[in-house]
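Residues per chain are reported as follows:
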Amino acid sequence: MKKRYKLLLGILLPLFILYISTILLTRDTDFTKEVTERLEIEGIQAIEIIRASDEKTMMITEAKKIIQIMESLKGQPLKKVYFAKSDFQEAYWLTLVMKDDREIGLRLDDTKHLLVYLYEESYLKDYKLLSDFDLTAIEQLFH
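Residues numbered from 1 in each chain as written. Predicted model: local features only at pLDDT ≥ 70, side-chain atom pairs only at ≥ 80, totals over all residues. Heavy atoms only, no water.

Participant: Could you clarify how one ought to interpret the confidence of the model for the chain in this entry?
Facilitator: Interpreting fine coordinate detail is not advised for predicted regions of low pLDDT. Looking at the chain as a whole, its pLDDT mean stands at 81, while 92% of the residues score no less than 70. Taken element by element, the chain is modelled with least confidence in strand S1 (residues 28–30), mean pLDDT 72, and with most confidence in strand S2 (residues 46–51), mean pLDDT 92. (pLDDT = per-residue confidence, 0-100. Helix = DSSP H or I, 4+ residues; strand = E, 2+ residues; numbered from the N terminus.)

Participant: Even after reading the chapter, I still don't get the pairing of strand S5 (residues 91–98), so can you show me in this structure?
Facilitator: Side-chain direction in a regular strand flips from residue to residue, so the side chains alternate between the two faces of the sheet. Counting buried positions along S5 gives 7 out of 8 residues, so the element sits mostly inside the fold. Bridge count between S5 and strand S6 (residues 101–109): 8 bridges; the pairing is antiparallel. Looking at the pairing, Tyr92 lines up with Leu108 of S6. The antiparallel pairing of S5 with S6 creates a hairpin that spans 2 residues between the two strands, and Lys99 there sits at a positive phi of about 50 degrees. (Buried < 20%, exposed > 50% of the residue type's maximum accessible area, 1.4 Å probe, protein only. Pairing = 2+ DSSP bridges.)

Participant: Explanation requested: the pairing of S6 in the structure shown.
Facilitator: One ladder, built from 6 bridges, connects S6 with strand S7 (residues 113–118); its direction is antiparallel. Bridging from a neighbouring strand, Gly105 pairs with Tyr117 of S7. Linking two consecutive strands that pair antiparallel, namely S6 and S7, is a turn of 3 residues; a positive phi of about 50 degrees is found at Asp110 within it.

Participant: Sorry if this is basic, but what is going on with the sheet that holds strand S4 (residues 77–80) here?
Facilitator: Backbone hydrogen bonds are what pair the strands of a sheet, in a parallel or an antiparallel way. The 8 strands are arranged S1-S4-S8-S7-S6-S5-S2-S3 in an open sheet whose pairing can be described as antiparallel. With partners counted over all chains shown, the strands left at the sheet margins are S1 and strand S3 (56–60), one partner each. When strand polarity is set aside, the average angle formed by the axes of neighbouring strands in this sheet is 25 degrees. Most of the contacts of helix H3 (residues 63–73) go to S2, to which it runs at about 65 degrees, and overall it touches S2, S3, S5 and S6. (Axes fitted to C-alpha atoms, helices over the stretch in contact; angles between N-to-C directions. Contact = heavy atoms within 4.5 Å.)

Participant: Before we go on, may I ask you to explain the nonpolar core in this structure?
Facilitator: When a protein is soluble and globular, its nonpolar side chains tend to lie buried together. Ranked by size, the top nonpolar core spans 30 residues in total, and within it Ile47, Ile49, Leu94, Leu106, Leu108, Leu114 and Ile138 carry the most contacts. Listing elements by their share of this core, those giving two or more residues are S2, H3, S5, S6, S7 and strand S8 (123–129). (Core = buried A, V, L, I, M, F, W, Y, C linked by side-chain atoms within 4.5 Å.)

Participant: Which parts of the structure should I look at to understand the pattern of salt bridges?
Facilitator: Here the idea is simple: oppositely charged side chains can pair when their charged atoms come close. Scanning the model with the defined rule gives 3 salt bridges in all. A salt bridge links Arg51 to Asp54; the nearest nitrogen and oxygen atoms lie 2.7 Å apart. Judged by its relative accessible area of 12%, Arg51 falls in the buried class. In this structure, the salt-bridge partner of Lys74 is Glu71, at a minimum N-O distance of 4.0 Å. For Lys74, a relative accessible area of 44% translates into the label partly exposed. (Salt bridge = Lys/Arg side-chain N within 4 Å of Asp/Glu carboxyl O.)

Participant: Explain unusual backbone geometry here, please?
Facilitator: Residues other than glycine predominantly adopt negative phi, and peptide bonds predominantly adopt the trans conformation. Positioned with a positive phi, Lys99 is a non-glycine residue whose angle comes to about 50 degrees. In this structure, Lys99 sits in the loop between S5 and S6. In this structure Lys99 comes out as exposed when scored by relative accessible area, which is 71%. Unlike most non-glycine residues, Ser122 shows phi in positive territory, near 50 degrees. Tracing the backbone shows Ser122 in the loop between S7 and S8. Note on Ser122: relative accessible area 52%, which makes it exposed.

Participant: Looking at this model, I keep getting lost on the side chain of Glu90. Mind explaining?
Facilitator: Note on placement: Glu90 falls in the loop between S4 and S5. An unpaired buried charge is present at Glu90: no salt bridge exists, and Arg51, the closest side chain of opposite charge, is 4.6 Å distant. Reaching out from Glu90, the side chain makes a polar contact with the side chain of Ser53 at a distance of 2.7 Å. Apart from residues lying up to four places away in sequence, Glu90 is in contact with Arg51, Ala52, Ser53, Leu108, Asp109 and Asp110. (Lys, Arg positive; Asp, Glu negative; His and termini not counted. Polar contact = N/O pair within 3.5 Å; in protein donor to acceptor, adjacent residues only side chain to side chain.)

Shown next, in the form of structure tokens:
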């Protein structure tokens, strides 16, 4: 009888630990917690934006436009995913530059997916956007 309990415990305990760790690792968060809290928005000197469809590049240095772009992303709800396949119509690469160094890289795939690359740590984070993100502030820069 004791062998059955040990066997059952030996099977259920790892499954329970796996379940709890999965819940903790895939918890919901937002753009503010994952990006904005890592830097001062006022300290961003420039945002380089590359549109994937035609590889057109824009360098935004005007403080008003930088704040407008960051405000549009602020509070955006996210869910951590692990390198999910992202089918997209349009993607934008944003590089946040502070003190003449690349600080954070962002890739927005339509309104569904966000990759965050921390240059200093060489670390990539992958998120699903939980609500529709309005790309208008970024799209208008290319017209």
